[in-house]
Amino acid sequence: MSPEGTGRVEAGVAAAGGAIARLLAAAEQVILGKPEALRLALACLLAGGHLLIEDQPGVGKTTLAHLLARLLGLGFQRVQFTSDLLPADLLGVSIFDRTTQHFHFQRGPIFTHVLLADEVNRATPRAQSALLEAMEERQVTIEGVTHPLPAPFFVIATQNPTDQAGTFPLPESQLDRFLMRISLGYPDRGAERALLRGEDRRALIARLPAMMDHAVLEALQQQVQNVHVADPLLAYVQDVLAYTRGSPRYATGLSPRAGLALLRAAKAWALTGGRNHVLPEDLQAVLGAVVVHRLRATDGSHGPALGAALREAVPIP
Amino acid sequence: MNADGLARRDLYAVSAVAALALAPHALRFGPGLAAAFGTLVLWRLLGAAGRLPLPGRGRPLLSLVKHVIGIGTLLGVLAVHHGQLGRDAGVTLLAVLLGLKTLEASTERDFYVLSFIAYFLVATNFFYSQSMLTAGYMTLVVLIVTAGLVRHTADGADDARASFALAARLVAQSLPLMIIAFLLFPRLPGPLWGLPQRAGGAVAGLAEELSLGGLTSLALTDELAFSVAFEGEPPRARDLYWRGPVLWDTDGTTWRAGQGARGPVPPVIVEGPRYRYTITLEPSNTRNLLLLDAATNTGDAPGRATADSRLLAARPLTSPVRYTLESATAYRLPAITPGQRAQALALPPGFHPRARAFAQELRAASRSTDDFVARTLAHFHDEPFKYSLTPPPLTGDAVDAFLFGTREGFCEHYAAAFTVLMRAGGVPARLVTGYQGGEFNAISDYFQVRQRDAHAWVEIYGASRGWVRVDPTAAVAPERVSLGLNAGLARNAPRTTLDADAAPLRVWRGARALWDAANYRWGQWVLGFEAPQQRALVASLGLPELGRSGLALLMIAALAIGMAGLALFVLRARTPPRDRAAAAYARFCARLARAGLVRRPAEGPRDFATRVAAARADLAAEVGAITDLYVLLRYADAPLPIVRLERRVRNFRVNPR
């Protein structure tokens, strides 16, 4: 690459970093005390992945999804998953139009940019797989007709802790479709106090201006692809994969897809930090969110502890 | 025959290596050994080239020849060495068997067998010589054998240089283990292989007896007798009289020690400074422990003092010994026993009639004993006596022939004749042999005394002063005593054509001094590292005194630890840092680790820099700069010069707090 080319990329990266930083700063005014979760969610979106939020009800999952859609200037739909939800309720149905004597496809709520699939584990596996297929394929096929989903398409699924009654836990193979799984957790005391004192979050979001649009977002997603990953970091990713496959601490190791996901997430994370190259720290920052839901520890541990243990176990080459 | 399993290249290599390992032996054993080995190897090589049939399957006659050679050599060697398979016999057998093995070598396995026999041959050289040169040469041969094995093992890799490099690395990696084994291997008393009985004084140094002529051969050898290191200022060269055998008895031709050594050890009255010094004595196969006249404290010398003020070891010395003692060069030895007085006056009846008559005449004319001594010395000085290492042969009564006939001789002639004159004049006298002077090596600050420094002088007894040293040689050639042997000879000989101060000569002398100094250290530290030094080492480690088996266990434990360390080192070296940036960063982290700031293996460089900056604000700027450079070079593949990082790391210092 010529020096000017490098300079242009770096200027672009700096601009992207600045825009992202401003966006995150605005988001932090709404979701208090969760800058890391916000940045992970944004990185997930920039990487073109889908996000699974596993948490107690009422900690701000819906607010987060709504907020991101708003700030990014994207369309937003929310679907409450219940045990009687049918795939058609999500994807849409073909209705016979008497005036034209033709079937007319009535689009379901999935045809949006940001879809909040609330309490995804309360729906039956049939409805779940309809969502997950659409997530993977980014299109919906009904009665032989393929309908592409809008781009960007970003699913934020929330899930109650699986030990709650009346749930259908997502199978591992489907969990793999989510680039990241995060949890928000309870806010700390100061943040909660501010939350209690402040006005309604929904009203706050409604007043926020959009800080980006489709075109900017797509350009950012394109930039993520171009973030540089040096050879030693590929080795690092491989070491992590090899470790999970060899260590008796895990029932199953990470798949090659998990490795790709890790790289993609790390690239997006680097870009949110205003860099066009990945550092070991970037990989570590996204490691827990990317791999924990794809791993099953033999000792039953899960969540952040599992991610931290893996991070410390693999030396940086 | 070329379809055999042994590549011709390997055959050449192993033959050459065997010849190299055998070369020093061939020099020792003469051409017979080399010829036998060479013939067998040549046969094999010609066979490989298809010029000669080789023994083997389908050639029963040649196989028979091979077996006859093998059995014949064994029987021959046994016959020559009277059935005892000692050192020489073993080496001879090994050499011939190596030749035979080369002759029949046809498989891969044979190559390995030959290589390992070559290793063993290397070891056998140390039965004969343990000099620095031998050690260096043998290291080279070990390197070559190893390189041959490496090259053979590396399939297809035909790179001799790479093979040598790997072999050198292997040898270097084995060095720590070698040092452990050297330091801790239990030492056996005496040599493993008995030294051959050496004849007389030629090599062995001073004999217990002296007949005129014996010292000549000695004076001409350059072999080292002993080295001396003084603690502090050494005495003057003219005072360096190294005491060896004291000879009391004469039968007219030969002088012997006699009974003079028996009796109580006499006291020494010191009249000047004392000197402490350490002598490293080469093996002489005699019991003489040399000392500087006169010893005031025999220190840790492995022997006992005698009535004639010398030191005797319990048994002949077959390996180098080192001892520290104390002497004074200004002293008096006042004691004499009646028995010693009788011996110091005895002359064999019927010998030296002219010498006796001359002495009695001179004594009668003298006012005192001192005057008699002075007149006798003056006689040597004034009459045309000559100092020479190649005097004409003496016929008839040796002393009379020398004194009144040839008048040409060296220290031994003058000392013997002077003793006879003294005794004839009624003055108790004894003949002392030893060494005089020595060559100072300024590089290592020690003296080397060689066999050519051998000397003989006389001690006479006077009632007022006790035993007094008189050196009649000094009356003839005073330079011999003050400047050394060459100066003494130069008095008679024409000057050499080459100017003594010419530059090439100076360079040569400097190089020799350097070589001598290295040899001295080699002797002190390597060959001289015997059981006492080993005990001192173990004690300095804070361990209790260990027996031989304890030492062996300690060595095994140390070797195990050493090997484990080596294995760790090798395993770590196998995962090399991927590039120079990583290597530089590893050095940087090592420096911080020494200051207690250890980077966890899974800690990213930026995280680490943040942590360091929090712990040590004084380092924050430099650590940040180095980390940024490293990150850019390693992870951003930034087109920055790598030396920038390397220079910063090199200059990076962590000041202790």
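Worth saying up front: this structure is predicted, and the values here are computed from it rather than measured. (Residues numbered from 1 in each chain as written. Chains lettered and ligands numbered in written order. Predicted model: local features only at pLDDT ≥ 70, side-chain atom pairs only at ≥ 80, totals over all residues. Heavy atoms only, no water.)

K.L.:
Residue-level account of helix H14 (residues 411–424) of chain B, with values.
P.N.:
Residues and elements named next belong to chain B. When the terminal C-alpha atoms of H14 are compared, their 20 Å separation across 14 residues agrees well with the 20 Å that a helix rising 1.5 Å per residue should span. In terms of burial, H14 is largely enclosed, as 14 of its 14 residues are buried. Once H14 ends, the next one or two residues include Gly 426, with phi positive near 85°. (Helix = DSSP H or I, 4+ residues; strand = E, 2+ residues; numbered from the N terminus. Expected span 1.5 Å × (residues − 1). Buried < 20%, exposed > 50% of the residue type's maximum accessible area, 1.4 Å probe, protein only.)

K.L.:
Break down the sheet that holds strand S1 (residues 209–211) of chain B for me, citing the residues and quoting the values.
P.N.:
Residue and element names in this part refer to chain B. In spatial order, the strands read S1-S5-S4; together these three strands make up an open sheet with antiparallel pairing. Lying at the two open borders of the sheet, with one neighbouring strand each, are S1 and strand S4 (249–250). Pairing between S4 and strand S5 (residues 254–256): two bridges, direction antiparallel. Bridged to Asp 249 within S5 is Arg 256. On top of the sheet, H14 reaches S1, S4 and S5; it is set at about 75° to S5, its chief contact. (Pairing = 2+ DSSP bridges. Contact = heavy atoms within 4.5 Å. Axes fitted to C-alpha atoms, helices over the stretch in contact; angles between N-to-C directions.)

K.L.:
Describe in detail a nonpolar patch on the surface, supporting the description with residues and values.
P.N.:
A cluster of nonpolar residues, Leu 61, Leu 64 and Val 68 of chain B, forms a patch on the protein surface that exposes about 330 Å² of accessible area. Among the residues examined, Leu 61 of chain B registers a relative accessible area of 66% and is labelled exposed. (Patch = residues over 30% accessible without salt bridge, like charges linked within 9 Å, V, L, I, M, F, W, Y side chains within 5 Å. Areas by Shrake-Rupley, 256 points an atom, 1.4 Å probe, with all protein chains shown as cover. Salt bridge = Lys/Arg side-chain N within 4 Å of Asp/Glu carboxyl O.)

K.L.:
I'd like a description of the packing of helix H1 (residues 8–29) of chain B against helix H4 (residues 87–104) of chain B, backed by residues and values.
P.N.:
Residue and element names in this part refer to chain B. Close contact between H1 and H4 brings their axes to 11 Å; oriented N to C, the two are set at 150°. In terms of orientation, H1 lies roughly antiparallel with respect to H4. Crossing hand, H1 versus H4: left-handed. Facing Ser 15, Ala 18, Leu 22, His 25 and Phe 29 of H1, the residues of H4 in contact are Asp 88, Val 91, Thr 92, Ala 95, Leu 98 and Thr 102. Here the residues of the contact of H1 with H4 sort into six nonpolar, four polar and one charged. (Parallel < 35°, antiparallel > 145°, perpendicular 65-115°, else oblique. Left-handed = near helix turned anticlockwise from the far one by under 90°. Nonpolar A, V, L, I, M, F, W, Y, C, P; charged D, E, K, R; others polar.)

K.L.:
Give a detailed account of empty space enclosed by the protein, specifying residues and quantitative values.
P.N.:
Residues and elements named next belong to chain B. Applying the stated criterion across every chain yields a total of five cavities of 30 Å³ or more. The calculated volume of the largest cavity comes to roughly 50 Å³. Forming the walls of the largest cavity are Ala 13, Val 14, Val 17, Phe 111, Ser 115, Ile 144, Val 145, Gly 148 and Leu 149. Counting residues per element, the ones that place at least two in the lining of the largest cavity are H1, helix H5 (108–124) and helix H6 (132–153). Partitioning the lining of the largest cavity into residue classes produces seven nonpolar, two polar and no charged. (1 Å grid on protein atoms, 1.4 Å probe; cavity = no way out; pocket = protein on both sides within 12 Å on 5 of 7 lines; lining within 4 Å. Points joined across faces, edges and corners; volume = space filled by probe spheres on them.)

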